Amino acid sequence: MRPYFEKMPSFGKALKESRIARTRESREKLEAVEREIAAAREARQNVGIPAAKVNERGALTIWQRLDYLVDPGTWRPLHSLYNPEENEEGTTNVVDGLGKIGGRWAVIIGFDNKVLAGAWIPGQAENVLRVTNLAKRLNLPLVWLVNCSGVKLPDQEKFYPDRRGSGTCFFRHAELEQTGIPILAGIYGTNPAGGGYQGISPTILLAHKDANIAVGGAGIVSGMAPRGGFDVEGLEELIARTRDIKERPPGRVETHYGETGFFARVYDEETGVLDGIKEYMRAIPAYDPMFFRVAEPGQPQLSADDLYHLLPFNQREVYSFDEILARLVDGSEHMEFRPEYGPEIYTGLVKIDGLLIGVIGNRQGLLPKGYPEYADYPGIGGKLYRQGLIKMNEFVTHCGRDRLPIIWFQDTSGIDVGDLAEKAELLGLGQSLIYSIQQTDVPMMLVVLRKGSAAAHYIMGGPTANRHNAFTLGTAATEIYVMHGETAAVATYARRAIKEKDSGRPLEPIAQKMNEMAQSYYDTSRPAYCARHGFVDEIVDLGSLRRYLEAFAGAVYQNPKSICPRHQLLLPRLIKG
């Protein structure tokens, strides 16, 4: 099928100077948010004791380990600002993302040894769960950099117990291994209790000479026989035991390399552990990208810098989704699926680094006259109607049949509402789309370009598609809420306003409450808030967006669980007709 893909139809137009001038203020606002996110990310990296002090102790920081381990230019951080429990430390105490190691993509996560020596803290369990989900969905190796002092004991009730507590990852590690996904661990420092479990649950354990893993550390071992209280005599005994255990902590290298054999290798230098991980990564099964490329890789013909002039910061302004996409895909080429049907939705095939990807996105602006066909009101882009829902169902199903990964782009105000919409079966068609997504079993990712709202946020590849959505990205223009704040205020206070009016009471207090609610919706839907609370997995600069698409495509095709031979693909033939 080489003729289908070598030269696909071009799309997109070069920007005119007049548009660049007209959108300069919008660009400045987008870049201001990106600077805010970058500053927050830098502040998060600087949390804890200074890197120089860690180095003085003979250790590298997590960031230095990542710099050495990950192939240059391939690190794609995720969850940089994630802190759902609003910890005073400003972090969940793990750092993670996608990156290449020895030429192969991996999901990488490590404890931040600058903060509480890498302890478990609130929110971390959810972060780790997202990471294990990512490795499972993309069928990628999971690489751990373990340097964990155990549990932040004063907050233990916030993360230790429950179904999704900190122990969940040990079962998830076993689940990954049972599906053939290897977990590699580089182990540093003292790792008692939770750190010890993190150190034993991976597949291959590579340790620094000064590392240890143990069921319990010095403090735990010294207090394993509670006496119902403390006194001076007991404390003297505790001090003696603790000093002894601190000098010779349980689970040292001589135990877990020399006796149990848990450690596969031990290295004298910190970087030796990382070199060992690289060696093991090169031994892991992975296809060369050329095996799945349908054409030679190519950059977009149109500049990514244009995105700052194409995506309006003002949520009320319309734009062309097709022009956005043309700046992100190889050669600014595509094959659109059913272009005349369901005009509020774009569906089509594109190439990312020469690899075939399905794309679905919301189109904006007024829709053609007479659409939607079931109603007497005009259709508006960003909203979903009957044909668009049917088209997405069809396209997703065909991508599943052809084993093609899907990238969703959201800017949606929701599904059409009202009696006519109900009669047009939009409720059932929305659920049908969820069913179609669920039965595909192909990896997906989502970019929330601007609005992610109402049920449309769920059904259009949203993060609630836990077994399919690998990760979700936001931009400087992202807003996520169940409905616009003003709409929510109307829904909440309209009836009360009627009662107040009929009772002759003043309406000013109601108006004030409505304004407060609208402002609250705005404040809790900003990009930084979305990243901090996990509504998105990362806020990405528009100029860097394609790099994440390339990482997704490369990861998906590195070691897929199922393959459709390219000459047996159906979707390109349906498009051609």
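Residues numbered from 1 in each chain as written. Predicted model: local features only at pLDDT ≥ 70, side-chain atom pairs only at ≥ 80, totals over all residues. Heavy atoms only, no water.

Draft legend 1. A look at the nonpolar core. Residues W408, F409 and F471 are the most contacted members of the largest nonpolar core, which totals 128 residues. The leading source of residues in this core is helix 22 (residues 545–556), at 8 residues. Structurally, this core is a two-domain feature, drawing no fewer than three residues from each of domain 1 (47–215 + 250–282) and domain 2 (289–478 + 536–576). Excluding residues within four positions of it along the chain, F409 makes contact with F321, L325, L328, V359, I360, G361, N362, V447, L449, M460 and L549. Within the second largest apolar cluster, 20 residues are counted, among which are L66, I108, M281 and I284. (Core = buried A, V, L, I, M, F, W, Y, C linked by side-chain atoms within 4.5 Å. Buried < 20%, exposed > 50% of the residue type's maximum accessible area, 1.4 Å probe, protein only. Helix = DSSP H or I, 4+ residues; strand = E, 2+ residues; numbered from the N terminus. Domains from an automatic or database assignment. Contact = heavy atoms within 4.5 Å.)

Draft legend 2. Broad picture of the domain arrangement of the protein. You can read the domains of the protein as domain 1 (47–215 + 250–282), domain 2 (289–478 + 536–576) and domain 3 (483–524). Between the C-alpha centres of domain 1 and domain 3 there is a distance of 48 Å.

Draft legend 3. Main features of the environment of L142. Checked against the element boundaries, L142 lands in strand 4 (residues 142–146). Overall, L142 belongs to the buried group, its relative accessible area being 0%. Sequence spacing of L142 and I407 is 265 residues, and the spatial spacing of their C-alpha atoms is 22 Å.

Draft legend 4. Structural view of unusual backbone geometry. Of note, the amide linkage connecting Y371 to P372 takes the cis form, showing an omega dihedral of 5°. Although it is not a glycine, A117 adopts a positive phi angle of roughly 55°. As for its placement among the helices and strands, A117 is situated in the loop between strand 3 (104–111) and helix 6 (124–138). You can call A117 partly exposed: its relative accessible area is 38%. Unusually for a residue other than glycine, R403 sits at a positive phi of about 60°.

Draft legend 5. Quick look at the pattern of salt bridges. Inspection of the entire model under this criterion finds 37 salt bridges. D305 is the salt-bridge partner of R27, the closest N and O atoms lying 2.6 Å from each other. Of this pair, R27 sits in helix 3 (residues 24–45) while D305 sits in the loop between helix 12 (270–282) and helix 13 (307–310); the two residues are 278 residues apart in sequence, bridging distant segments of the chain. Given a relative accessible area of 16%, R27 falls into the buried group. One salt bridge in this structure joins R44 and D112, with 3.0 Å as the shortest N-O distance. Residue R44 is found in helix 3, and its partner D112 is found in the loop between strand 3 and helix 6; the two are separated by 68 residues along the sequence. Residue class for R44 comes out buried when judged on its relative accessible area of 6%. (Salt bridge = Lys/Arg side-chain N within 4 Å of Asp/Glu carboxyl O.)

Draft legend 6. Spatial organisation of the pairing of strand 14 (residues 406–412). Across the 7 residues of strand 14, 7 count as buried, placing the element largely inside the fold. As defined by bridge partners, strand 12 (residues 355–362) adjoins strand 14 across 4 bridges and the pair is classed as parallel. Following the sheet pairing, V359 is matched in strand 14 by I407. Two strands pair when backbone bridges link them, and strand 14 and strand 16 (residues 444–453) are joined in this way by 6 bridges, in the parallel orientation. When the sheet's bridge partners are listed, I406 is paired in strand 16 with M444. (Pairing = 2+ DSSP bridges.)

Draft legend 7. Inspection of the pairing of strand 3 at higher detail. Among the 8 residues of strand 3, 8 are classified as buried, and the element is accordingly described as predominantly covered. Taking every second residue as pointing to the same face, both faces of strand 3 are buried, with R104, A106, I108 and G110 on one and W105, V107, I109 and F111 on the other. Taken together, the 8 bridges between strand 2 (residues 94–101) and strand 3 define a ladder with antiparallel strand orientation. Within the sheet, the bridge partner assigned to K100 lies in strand 3 and is W105. One ladder, built from 4 bridges, connects strand 3 with strand 4; its direction is parallel. Its bridge partner being in strand 4, I109 is matched across the sheet by W144.

Draft legend 8. A look at the sheet that holds strand 4. Spatially, 7 strands are ordered 1-2-3-4-5-7-9 in an open sheet, and the strand pairing comes out mixed. In the strand order of this sheet, the two ends are held by strand 1 (76–78) and strand 9 (265–267), each with one partner. Averaged over all pairs of adjacent strands, the angle between strand axes in this sheet comes to 20°, irrespective of strand direction. Alignment of strand 7 (residues 204–208) against strand 9, held across 3 bridges, turns out to be parallel. Pairing of A207 across the sheet is with V266, part of strand 9. (Axes fitted to C-alpha atoms, helices over the stretch in contact; angles between N-to-C directions.)

Draft legend 9. Summary view of helix 17 (residues 426–440). Compared with an ideal rise of 1.5 Å per residue, which puts 15 residues at 21 Å, helix 17 spans 21 Å between its outermost C-alpha atoms and is within 8% of the ideal. Along helix 17, the positions that sit buried rather than exposed are L426, L429, G430, L433, S436, I437 and T440. Buried residues of helix 17, seen end-on, are gathered within an arc of 115° and therefore sit on one face of the element. The exposed residues of helix 17 that point more than 90 degrees off its buried face are L427 and Y435. A positive phi of about 55° marks D441, the residue just after helix 17. (Expected span 1.5 Å × (residues − 1). Arc of directions from axis to C-beta.)

Draft legend 10. Highlighting the side chain of D71. Here D71 is to be found in the loop between helix 5 (62–69) and strand 1. One buried charged residue, D71, remains without a salt bridge, the closest side chain of opposite sign being K278 at 5.9 Å. At 3.1 Å, the side chain of D71 forms a polar contact with the backbone nitrogen of G102. (Lys, Arg positive; Asp, Glu negative; His and termini not counted. Polar contact = N/O pair within 3.5 Å; in protein donor to acceptor, adjacent residues only side chain to side chain.)

Draft legend 11. Broad picture of helix 5. For helix 5, the complete set of buried residues consists of I62, W63, R65, L66 and L69. Around the axis of helix 5, the buried residues are gathered within 160° of arc, so they sit on the same side. For helix 5, the elements touching its buried residues are helix 3, strand 2, strand 3, strand 4 and helix 12.

Draft legend 12. Layout of the packing of aromatic side chains. Enumeration over the complete set of coordinates arrives at 14 aromatic pairs. Between F471 and F552 the ring centres are 6.2 Å apart and the planes differ by 80°, which places this aromatic pair in the edge-to-face class. One end of the pair, F471, is in strand 17 (residues 469–474); the other, F552, is in helix 22, and 81 residues separate them in sequence. Assessed through its relative accessible area of 0%, F552 is described here as buried. Grouped by ring-pair contacts, the aromatic residues Y287, F291, F292 and Y557 constitute a single cluster. The ring centre of Y188 lies 3.8 Å from the NZ or CZ of R65, which sits over that ring. Of note, R526 hangs over the ring of Y522, and the distance from its end group to the ring centre comes to 3.7 Å. (Phe/Tyr/Trp six-rings, centres within 6.5 Å; stacked < 30°, edge-to-face > 60°. Lys NZ or Arg CZ within 6 Å of the ring centre and 35° of its normal.)

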